[in-house]
Amino acid sequence: MGIGPMSMVIIGIVAILIFGPKKLPELGKAMGSTLREFKNATKGLVDDEDNDKKKVIEHDDKKKVIEHDDK
C-alpha cells in the first residue's frame, strides 16, 4: 500500500491551495535541508556506535592474547 499517482496529484493540489505556488519551492528547500541534516546526525550516531563495538572487539582480542601468553 503505497501512495499512488492520483494521491500525489491530490496532495500537490492541496499544497498549492494552502501555501501558494511561490512558497512551495522555499518549503521544499527547507524540508530537503532538514532531512539532509537529520540523516547526517543519525549517521554520526551509527558511526559512533560502530566505533564503540570495534573498540570492544579489539579489547577482547588483546585480552585473549594476554591470557594465551600467561599459560
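As a reminder, the structure under discussion sits directly above these lines.
Residues numbered from 1 in each chain as written. Predicted model: local features only at pLDDT ≥ 70, side-chain atom pairs only at ≥ 80, totals over all residues. Heavy atoms only, no water.

Enquirer: Tell me what's going on with the pattern of salt bridges, and back it up with residues and numbers.
Expert: A complete count under the given rule lists one salt bridge for this structure. Across the pair Lys23 and Glu26 runs a salt bridge whose closest N-O atoms are separated by 3.6 Å. Given the relative accessible area of 42%, Lys23 is considered partly exposed. (Salt bridge = Lys/Arg side-chain N within 4 Å of Asp/Glu carboxyl O. Buried < 20%, exposed > 50% of the residue type's maximum accessible area, 1.4 Å probe, protein only.)

Enquirer: Please give an account of a nonpolar patch on the surface that cites residues and values.
Expert: Judged by side-chain polarity, Met6, Val9, Ile10, Ile13, Val14, Leu17, Ile18, Phe19 and Leu27 come together as a nonpolar surface patch covering roughly 890 Å² of accessible area. Broken down by element, the nonpolar patch gets its largest block of residues, eight residues, from helix H1 (residues 5-19). Looking at where Leu27 falls in the secondary structure, it is placed in helix H2 (residues 24-70). (Patch = residues over 30% accessible without salt bridge, like charges linked within 9 Å, V, L, I, M, F, W, Y side chains within 5 Å. Areas by Shrake-Rupley, 256 points an atom, 1.4 Å probe, with all protein chains shown as cover. Helix = DSSP H or I, 4+ residues; strand = E, 2+ residues; numbered from the N terminus.)

Enquirer: How would you sum up H1? Please name residues and give values.
Expert: Under the 1.5 Å per step criterion, the end-to-end length of H1 is 21 Å for 15 residues, consistent within 8% with the ideal 21 Å. Two residues or fewer past H1, Gly20 is found with a positive phi of approximately 90°. (Expected span 1.5 Å × (residues − 1).)

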